[in-house]
Amino acid sequence: MLTLASDFGSPYPAAMKGAILQRTDARLVDVAHDLPRQDVRAAAFWLREVLPYFPPAVHLVVVDPCVGTDRGVLAVAADDHVLVGPDNGVLIPPAAAIADTVAVYAVDYDEPASQTFHGRDVFAPLAAEVHEAGVGLLETDGRFTPTDDYETVTFPEPERDGPTIRGEVLVVDDFGNAITNVPGSVLDEHFGRSIRIDGEPAPVRRTYATVSPGQRLVTVGSHENVELAVNQGRGDEAFGVAAGDAVELTLTSD
Amino acid sequence: MLTLASDFGSPYPAAMKGAILQRTDARLVDVAHDLPRQDVRAAAFWLREVLPYFPPAVHLVVVDPCVGTDRGVLAVAADDHVLVGPDNGVLIPPAAAIADTVAVYAVDYDEPASQTFHGRDVFAPLAAEVHEAGVGLLETDGRFTPTDDYETVTFPEPERDGPTIRGEVLVVDDFGNAITNVPGSVLDEHFGRSIRIDGEPAPVRRTYATVSPGQRLVTVGSHENVELAVNQGRGDEAFGVAAGDAVELTLTSD
Amino acid sequence: MLTLASDFGSPYPAAMKGAILQRTDARLVDVAHDLPRQDVRAAAFWLREVLPYFPPAVHLVVVDPCVGTDRGVLAVAADDHVLVGPDNGVLIPPAAAIADTVAVYAVDYDEPASQTFHGRDVFAPLAAEVHEAGVGLLETDGRFTPTDDYETVTFPEPERDGPTIRGEVLVVDDFGNAITNVPGSVLDEHFGRSIRIDGEPAPVRRTYATVSPGQRLVTVGSHENVELAVNQGRGDEAFGVAAGDAVELTLTSD
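Let us look at the structure shown here. None of the values given here were measured: they were computed from a predicted structure.

Section: the interface of chain C and chain A
No. 1: At the junction of the two partners, chain C supplies 21 residues and chain A supplies 22 residues.
No. 2: Elements with a minimum of two residues in the side of chain C that touches chain A: strand 2 (28-32) and helix 2 (40-50) of chain C.
No. 3: Grouping the constituent residues of the side of chain C that touches chain A by class yields 11 nonpolar, six polar and four charged.

Describing the environment of C:Glu151
Residues and elements named next belong to chain C.
No. 1: Secondary-structure assignment places glutamate 151 in the loop between strand 7 (144-146) and strand 8 (159-161).
No. 2: In this structure, the C-alpha to C-alpha distance between glutamate 151 and valine 90, residues 61 residues apart in sequence, is 8.4 Å.
No. 3: Leave out the neighbours within four places in its chain, and glutamate 151 touches Asp87, Asn88 and Gly89.

Points about the pairing of strand 13 (residues 216-220) of chain C
Residues and elements named next belong to chain C.
No. 1: Of all the five residues making up strand 13, four are buried; the element is thus mostly covered by neighbouring parts of the structure.
No. 2: Alignment of strand 13 against strand 14 (residues 225-230), held across five bridges, turns out to be antiparallel. Bridging from a neighbouring strand, valine 220 pairs with valine 226 of strand 14.

Quick word on the sheet that holds strand 4 (residues 73-78) of chain A
All names here are of chain A.
No. 1: Sheet architecture is open: seven strands sit in the order 2-1-3-5-4-6-7, paired in mixed fashion. The open sheet is flanked by strand 2 (28-32) and strand 7 (144-146), the only strands paired with a single partner. If you compare each strand with its neighbour and ignore which way they point, the axes differ by 25° on average.
No. 2: The pairing of strand 1 (residues 2-6) with strand 3 (residues 58-62) spans five bridges and is parallel. Directly across from serine 6, in strand 3, lies its bridge partner valine 62.
No. 3: With respect to the sheet, helix 4 (residues 118-133) is in contact with strand 1, strand 3, strand 4, strand 5 (81-86) and strand 6 (102-107), its orientation differing from that of strand 3 by roughly 170°.

Things to note about helix 4 (residues 118-133) of chain B
Residue and element names in this part refer to chain B.
No. 1: For helix 4, built from 16 residues, the straight-helix expectation of 22 Å at 1.5 Å per residue is met to within 8% by its first-to-last C-alpha distance of 21 Å.
No. 2: At alanine 124, helix 4 shows its largest kink, close to 30°, and the proline proline 125 lies no more than four residues downstream.
No. 3: For helix 4, the buried fraction is high: 12 of the 16 residues fall into the buried class.
No. 4: Of the residues making up helix 4, those classed as buried are His118, Gly119, Arg120, Asp121, Val122, Phe123, Ala124, Leu126, Ala127, Ala128, Val130 and His131.
No. 5: Of the residues one or two after helix 4, glycine 134 is the one with positive phi, at around 95°.

What to know about the relation of the copies chain C and chain B
No. 1: Rotating chain C by 120° and translating it 0.0 Å along the rotation axis places it on chain B, where the RMSD comes to 0.0 Å. On the angle and the small slide along the axis, the relation comes out as a three-fold axis. Looking at the rotation axis and the C-alpha trace of chain C, the residue lying nearest is C:Arg27, at 5.4 Å.

Observations concerning unusual backbone geometry
No. 1: A cis geometry characterises the amide bond from A:Ser10 onward to A:Pro11, with omega recorded as 5°.
No. 2: Structurally, A:Pro11 can be placed in the loop between strand 1 and helix 1 (12-21).
No. 3: Look at A:Gln38: it is not a glycine, yet its phi comes out positive at around 55°.
No. 4: The exposure class of A:Gln38 is buried, given the 20 C-beta atoms found within 10 Å.
No. 5: With phi around 70°, C:Glu224 is a residue other than glycine that occupies positive phi space.
No. 6: Positionally, C:Glu224 belongs in the loop between strand 13 and strand 14.

How each quantity is defined
- Residues numbered from 1 in each chain as written.
- Chains lettered and ligands numbered in written order.
- Predicted model: local features only at pLDDT ≥ 70, side-chain atom pairs only at ≥ 80, totals over all residues.
- Contact = placed C-beta atoms within 7 Å.
- Helix = DSSP H or I, 4+ residues; strand = E, 2+ residues; numbered from the N terminus.
- Nonpolar A, V, L, I, M, F, W, Y, C, P; charged D, E, K, R; others polar.
- Buried ≥ 20, exposed ≤ 12 C-beta atoms within 10 Å, placed from the backbone.
- Pairing = 2+ DSSP bridges.
- Axes fitted to C-alpha atoms, helices over the stretch in contact; angles between N-to-C directions.
- Expected span 1.5 Å × (residues − 1).
- Bend = angle between axes of the 7 residues up to and from the residue.
- Least-squares fit on C-alpha atoms with pLDDT ≥ 70 in both.

Printed below as a string of structure tokens:
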């Protein structure tokens, strides 16, 4: 199985699929091709949430704002999974979510004729080759060199000051739910009550439809982070936040 | 074969696919993941139009505004097809379009840790299990209880008063065609002539390119309903209508 | 293998998939279903860029503004590939990119009940049948007639006048890169220097990240044409151009 994830939109992913299918008849599964564009941290977040649900696979990940520069190429082994993509940090959080220990390999590759589409000309052929040969290729083929010198992505930590937690909106999903970096566990004692978000009260609930359509709520999403939502509406608009914005939670006793 | 339909956008459907592929190597076919958001009636309309074209399959459908509440989970057998999804009506019109008689089963399930993503944690595993075991599982496994107490979706009926038909726009497709609830048969005697839409004349034609680019027309779409269209343009904009709007057809003899 | 490309958006492609899967268990690969709507030339451009990367396959292409009129249906053999779609020119550039010589067949077909969705009712069944029977079907079945009377699409040629090249933006990709009809080879001697675009200087670079984020550049994309881009931004907006716009390059020596 070979999964594909990118920020390419359409139709560039099809060229990657063609290049892969020239080399393997692996099952292909699209993860997403509309990852937030050239946003390595957001891509790492989403792949961390999604890739661990897959059975062992080669995961091709191309969110690559520095395509064509001297940024490296990585293959990362995580249990029986291998992630293939650019050395910009995007692979590390999902690999760490798949396995407790990961092995990172720098990959020697030849610069292709075009310096703008490594997805098609470098990453897709590499992923197909790893799929065909198996994860053992990383240990036996001279083009793969174990390394601990690679980029990674870290997510900001929320800051707590008594009842106040200062966090950040990491991403907004397609429903408009604003997903923060605040762990859902801070809400454990507050379900059924209210807290304040940026000073304004909002009810804490386990799911959306426990408030009326159009009403705001604070909940814990499937990613186990605090999210700001609206039942059958958009949380980002109702709370006035976007990815990257600071958000302040105040745990009140009302 | 296992089809997937949702209003999830991206990348949540990939988590469902991973959860399925952990349990079965069935062929997966995406029907759509951009069904009108949390709009059960529109989703039921589209699935009624599309699912009957498939060979026997398990159809996973997750348009589920009441996720995490006490709404039930259904498996619906229709010939050799099984539809799996929430008990909110979305499964019934497509099941009825597949087979003359359908058998509806309420499904016992354990509430998962997260109450916001039953697509991944309840419906996907259930669909995979039904696919692996076959439709017979619904008759033999104690978790499936035949029921005639379930939600359904009905589409509004148009009202006819002599030459005037008062209908409603059910959905607008991605081309901008406004698809009404009025059966196409009302136009049988009017092709090549004009009728009035909300008082304004519009030609009745069998297909788009029989009028000039940019011109309005009334036609019968592949769903066999009256639709308001523009050749190489958007009917919704030209006729000033959106999903849910009333529309009045006057069958004139000019 | 059977690829699908259309301008249908969603969910109409699923009806095509169902119709295909009723007739074959071929691997299906989505190329794109958001090709520029009813824009035959843009679709031909994109398919010319993408389809040659695939191994031998039947390629179903439905960008068909004249559906339901008397426009013909074609099957085009190119090496071991077959392209199936409307006779409006969209198939010819990609076929010519796959093979030096192509064989074009007019296809007899029965007009289906609905004149608005030949993708589902004509092209999908035809593509499935060609896939099952193999490319030899085109030579042996009486419904296929060799023809040299068919529509084609041509791309405008740029005009050169000394250091000035007048071209056109053919398409804008999802990143916002404006892809022109000017061959990239005109920039061969200019990398690392500047040229003028519509009178304003812009640096010529081999890839995006060689200028600062937000800065304009002129590069040669994976299609080997000149493109107007912005590092981590949208070239179409920064250069003020859209598909179809004229663009003037002045090769300067500064």
